[in-house]
Amino acid sequence: MEAHAKVVIIGGGVVGCSVLFHLAKFGWKDCVLLERNELTSGSSWHAAGQIHTISSDPNISRLQGYTIKLYKEIEEVSGHSVGMHNTGGFYLASNKDWYDYLKRERSKARYMGLDQEFISLEEVARLHPLIDPKRYIAALWDPLDGDIDPSGVTYAYAKAARVHGASFYTHTPVIETNQRADGSWDVVTEKATINAEHIVNAGGLWAREVGLLSGLNLPVQPMEHHYLITETIPEIEAREERLPAGIDYEGNMYFRQEGKGMLLGTYEPVATPWSVGGTPQSFGHELLEPQLEHIAERLELGFRRIPALEKAGIKDIINGPFTFGPDGNPMIGPVPGMRNYWTAVGVMAGFCQAGGVGMCLAEWMIDGEPSIDVWAMDIARFGDYASPHYGTVKSTENYERRFMLTFPNETLPVGRCQRTTSLYDRLSARGAVWGDAFGLENVLWFADGPEDAHEEPTFRRSRAHDYIAREVKAVREKVGIIEIANFAKHRFQGPGARAFLDRVMAGRIPEPGRIMINPMLTPRGRLYGDLTVACLDQDDFLVLGSGSVQDMHRRWFEQHLEGHDVCYNNESSQWHGIAVSGPNSRELLSRITRDDVSTQGLKFRDIRRTFVAGVPAILARLSFSGELGYEIYVAPEYQLKLYESMVEAGEDLGLKLYGARTLMSLRLEKNWGAWMLDFRPDFTPAESGLDSFINWDKEFIGKQAAIEERARGPQKRLVSMTVDTRDIDVSNDEAILKDGECVGFVTSGGYAHTIGCSMALGYVPTGLAKADTSLEVEINGEMYAARVVDKPLYDPRGEKMRG
Ligand SMILES: Cc1cc2nc3c(=O)[nH]c(=O)nc-3n(C[C@H](O)[C@H](O)[C@H](O)COP(=O)(O)OP(=O)(O)OC[C@H]3O[C@@H](n4cnc5c(N)ncnc54)[C@H](O)[C@@H]3O)c2cc1C
């Protein structure tokens, strides 16, 4: 065995083998995969092998398309059959909500280059004569879907990796991973130790145990899962053509042909986490005892929908475990806070996803960034709050919801209140409807009291619409406050702080007491942050950003610290705070601080340390609402005091509490994009318009790529549009069309209450980005007229905010 390797991958399931293949294919030949047993000895060998493209995240769908198309290549390179049956498959809706969902998926497929089409129920019956079409109301067809042989795929990846120059060793369990001072890893096995620059945890069912070898707790959980295989079914035996694959959403089940019978798998309503305390090292090519009573109800439904199944004898029932992450998506990338440690874990649909996971991870390792935005799979979306217990309860929830509909306005109930602020009970008593991000509860909107704090999940406008209208009106006409504990706060201190920020940020770094908006770019000139940089003192900076991505930004900052005399800390949990907005906000503030907060005393984009509500605070004049506004940051122990003082001081000023949905509505009519929606690593500064914040007179990461893009001119641009709708708004990912052709997609939107109009933001070809261009937006399968607006429809000159 080699004494050194560029990368050691731990785990020879489909995911580890795909990572090995991609690394070697992209040029890192010096990579080794270690497998404790035979390849496929975790979940991979007993998978049902069904493949499909649909996923909640468009980029994951895209990568699933990539994975399926890759099978031909690995078969050819390796000479090992993947057992592919490209039958095509349908997604079946049995009620209106699911039909709406499929229409939305169809809309996404338009711009993802996927070839999905609705087919008639007669066509369903023709393609799959065993299905009872009367049980359904619609079917979406994807020609890419089908099935593969799980072992064949895994071996084909491994052998193709070997052809590209990499190596793998079976029966070689990794027993220790010890980091050297230079950041490399000694990967210890009973046979030998390999010193590797990087390690990849692809431990699948043992991801937790492999993580613990390096002191890493991963919030993943293996879940029991059943599928059954029938005896020969005469109707299938009589056919020459293979039956298509299918997913029945309401039944939370999938099916396909297996031999001359059928395979039917289902996600039961009450899931069973397996080996909560840890996966036994002795577990290998084994199955679990079937628990038919767990799936009986779902099977009955399956039999009603495919009646031939009821008559067929059951040949085999498989119950095998596979690993889920808290939101059901993979967890890949460099682990924040660790050096040279990568994960490719929590991949619950390995045969749909491993190709994309392997490709993105290999690009990330070799090039420093993946070629597309992988936020939906980034390990950094879970921080320390995501404990093993959290992993178990959220993974269980996710398993149970595998093919269940989550509406755009729906928040999932399990694992909540993981992190709360001292205002939680106060705000709940005032009718807060809560969402959560990065484990922290944050208010979405306020109902008229706790009894009234509910919302029906829907694709259309919910009852929250009228409440948000009231909050918007209060902010625009009087004054509103919103808790902002959920913003990220990154602190940079020391003599090298300014030089460091000057290098990682593309914009101007402010002087003491001032604030500047700053885009942050990757070396390839793509957006990696849209941050607010505040200079508290010559050598002391506070950088404000989105709380959800705080660990992603922390990882980025830490990766670039070397050579700079700067002390960096993620202080997001050390600063809570409240923002106050609206024409009466100055008056309110002046009642609770001795500072001069007049136009001259505290100018737009000023920041200072002071006292507000009698407690130490950082006071900034900033606004994401487009109104006169301030952000006040205090240590968590002062949050309650600050809140109560503000409520008391605002009573006669028309004060209203507001939530995140209101903030997102207010910014729409100002044409302001939001991070991770309109601004994300898929886009560039020129495309998004954030190039106006770039300081071209200095050196910064991504400058060369940004200059080249500027010279070329962007191919597409972010635009704001009004959308002509009555009772529905875009959420995101809807197709934008021109003359019937898909030209772009929506990145965010909603209802802009002050101007009284539905709005959307999205990327369209540069030629269509001009004001008044007529476009169409597809929402739930209906086309709505849209019109590009190039100036904010509310206070276009920003006078209110600066006033
Ligand atoms: C019943 C069932 C049906 C399924 N059906 C489908 C389907 O139809 N379509 C689909 O896409 N997915 C399906 N899946 C999911 C799929 O099987 C998994 O997503 C996939 O196998 C995960 O692969 P992996 O490589 O991450 O993990 P694993 O397959 O678990 O591989 C991890 C590997 O790491 C090795 N390892 C662990 N610890 C060490 C160590 N210390 N040293 C060295 N090696 C180590 C293990 O031996 C193992 O081989 C199904 C799963 C089940 C259980």
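Described in the following lines is the structure provided in the data block. Please read these numbers as outputs of a predicted model, since none were measured by experiment. (Residues numbered from 1 in each chain as written. Predicted model: local features only at pLDDT ≥ 70, side-chain atom pairs only at ≥ 80, totals over all residues. Heavy atoms only, no water.)

1. What to know about the overall build of the chain
- In terms of helices and strands, the chain carries 21 helices and 37 strands.
- Its C-alpha atoms give the chain a radius of gyration of 27 Å, within 12% of the compact-globule value 28 Å for 803 residues.
- Its C-alpha atoms give the chain principal-axis dimensions of roughly 85 × 65 × 50 Å.
- Considering the chain as a whole, with its 803 residues, one finds that 62% of them fall into the buried category.
- Accessible surface, the chain as shown: approximately 29,400 Å² in total, 48% of it carbon and sulfur.
- Charge-centre separation for the chain: the mean point of 84 positive side chains lies 5 Å from the mean point of 110 negative side chains. (Helix = DSSP H or I, 4+ residues; strand = E, 2+ residues; numbered from the N terminus. Rg over C-alpha atoms; globule rule 2.2 N^0.38 Å. Buried < 20%, exposed > 50% of the residue type's maximum accessible area, 1.4 Å probe, protein only. Areas by Shrake-Rupley, 256 points an atom, 1.4 Å probe, with all protein chains shown as cover. Lys, Arg positive; Asp, Glu negative; His and termini not counted. Charge placed at Lys NZ, Arg CZ, Asp CG, Glu CD.)

2. Observations regarding the nonpolar core
- Core analysis: the largest hydrophobic core is formed by 130 residues, its most contacted members being I74, F492, L501 and M505.
- In this view, M505 contacts N518, P519, M520, L531, V533, V543, F557, K698 and F700; residues no more than four positions away in its chain are not counted.
- Ranked by size, the runner-up nonpolar core spans 31 residues in total, among them L427, V597, I632 and A649. (Core = buried A, V, L, I, M, F, W, Y, C linked by side-chain atoms within 4.5 Å. Contact = heavy atoms within 4.5 Å.)

3. Concerning unusual backbone geometry
- Even without being glycine, H171 reaches a positive phi, approximately 50 degrees.
- Tracing the chain through its elements places H171 in the loop between β8 (167-169) and β9 (174-179).

4. Re the site of the ligand
- Around the ligand sit 38 residues, and of these E35, S44, V347, G350 and F351 come closest.
- Within the contact set of the ligand, a nitrogen atom lies 3.0 Å away from a backbone nitrogen or oxygen of R36.
- At 3.4 Å, a backbone N or O of G42 approaches an oxygen atom of the ligand.
- Contact with the protein chains covers 97% of the free accessible surface of the ligand, which is 1,000 Å².
- Broken down by secondary-structure element, the contributors of at least two residues to the shell around the ligand are α1 (14-25), β12 (221-230), β16 (314-324) and α10 (350-367).
- Here the residues of the shell around the ligand are counted per class, giving 20 nonpolar, 16 polar and two charged. (Near = heavy atom within 4 Å. Polar contact = N/O pair within 3.5 Å; in protein donor to acceptor, adjacent residues only side chain to side chain. Nonpolar A, V, L, I, M, F, W, Y, C, P; charged D, E, K, R; others polar.)

5. Points about the environment of G702
- Relative to the helices and strands, G702 resides in the loop between α19 (685-688) and α20 (703-712).
- Spatially, the C-alpha atom of G702 lies 41 Å from that of P173, the residues being 529 residues apart in sequence.

6. Focus: the packing of aromatic side chains
- Applying the stated criterion across every chain yields a total of 32 aromatic pairs.
- Taken together, Y91, W98, Y101, Y249, Y254, Y267, F322, F324, Y399 and F403 form an aromatic cluster joined through their ring pairs.
- The ring of W28 has K6 lying over it, and the distance from NZ or CZ to the ring centre is 4.6 Å.
- The aromatic ring of W206 is capped on one face by R36, whose charged end is 4.0 Å from the ring centroid. (Phe/Tyr/Trp six-rings, centres within 6.5 Å; stacked < 30°, edge-to-face > 60°. Lys NZ or Arg CZ within 6 Å of the ring centre and 35° of its normal.)

7. Quick look at helix α8 (residues 292-305)
- In this model, α8 (14 residues) spans 19 Å end to end at C-alpha, consistent with the 20 Å of a helix rising 1.5 Å per residue.
- When we look at burial in α8, the residues that qualify are I295, R298, L299, L301, G302, F303 and R305.
- Buried residues along α8 sit in contact with β12, β13 (245-248), β14 (253-258), β15 (261-266) and α9 (308-311). (Expected span 1.5 Å × (residues − 1).)

8. Considerations on the sheet that holds strand β28 (residues 607-612)
- Read across the open sheet, the six strands follow the order β28-β29-β30-β27-β21-β31; overall the sheet is mixed. The strands lining the two open edges of the sheet, one partner per strand, are β28 and β31 (655-657). Averaged over all pairs of adjacent strands, the angle between strand axes in this sheet comes to 25 degrees, irrespective of strand direction.
- Pairing geometry for strand β21 (residues 479-483) and β31, over three bridges, is parallel. Residue pairing in the sheet places V479 in a bridge with L655 of β31. (Pairing = 2+ DSSP bridges. Axes fitted to C-alpha atoms, helices over the stretch in contact; angles between N-to-C directions.)

9. Some points on the packing of helix α2 (residues 58-78) against helix α5 (residues 150-163)
- Direction vectors running N to C along α2 and α5 enclose 60 degrees, while the axes themselves pass 8 Å from each other. For the element pair α2 / α5, the angle class is oblique. Considering only the axes of α2 and α5, their crossing is left-handed. Here T67, L70, Y71, I74, V77 and S78 of α2 come into contact with α5, specifically with V153, A156, Y157, K159, A160 and V163.
- Each residue belonging to the contact of α2 with α5 can be placed in one class, and the counts come to nine nonpolar, two polar and one charged. (Parallel < 35°, antiparallel > 145°, perpendicular 65-115°, else oblique. Left-handed = near helix turned anticlockwise from the far one by under 90°.)

10. What to know about the sheet that holds strand β32 (residues 716-723)
- In space, the six strands of this closed barrel follow the order β32-β35-β34-β33-β36-β37, with antiparallel pairing throughout. Strand-to-strand twist across the sheet, computed as the mean angle between neighbouring axes with direction ignored, equals 45 degrees.
- Note that strand β36 (residues 774-779) and strand β37 (residues 782-789) share six bridges and pair antiparallel. When the bridges of β37 are listed, I779 appears paired with E782.
- Where helix α18 (residues 660-668) meets the sheet, its contacts fall on β34 (741-752) and β35 (757-765), and the angle it forms with β34 comes to roughly 120 degrees.

11. Focus on the pattern of salt bridges
- Taken as a whole, this structure holds 51 salt bridges when the rule is applied.
- Between K96 and D100 there is a salt bridge whose closest N-O contact spans 3.1 Å. Note that K96 and D100 are positioned in helix α3 (residues 96-112) at a spacing of four residues, about one turn of the helix.
- Taking relative accessible area as the criterion, K96 reaches 51% and is therefore assigned exposed.
- A salt bridge links K716 to E687, with the shortest nitrogen-to-oxygen separation between them at 3.7 Å. (Salt bridge = Lys/Arg side-chain N within 4 Å of Asp/Glu carboxyl O.)

12. A short note on the pairing of strand β25 (residues 540-546)
- The buried fraction of β25 amounts to six of the seven residues, a majority that puts the element mostly inside the structure.
- Bridge count for strand β22 (residues 487-493) against β25 is seven bridges, and the pairing is antiparallel. Bridge pairing in β25 links H490 to V543.

13. Re the environment of A376
- As for its position among the elements, A376 is in the loop between α10 and α11 (388-400).
- A relative accessible area of 17% means that A376 is categorised as buried.
- Residues A376 and R470 lie 94 residues apart in sequence; the distance between their C-alpha atoms is 33 Å.
- With residues near it in sequence (within four places) discarded, A376 still touches D57, I60, N329, P330 and R381.

14. Re the environment of M338
- For M338, the location among the structural elements is in the loop between β17 (331-334) and β18 (341-345).
- Given a relative accessible area of 22%, M338 falls into the partly exposed group.
- Here the alpha-carbon distance between M338 and S590, two residues 252 residues apart in the chain, equals 45 Å.
- Apart from residues lying up to four places away in sequence, M338 is in contact with W185, S214 and L216.

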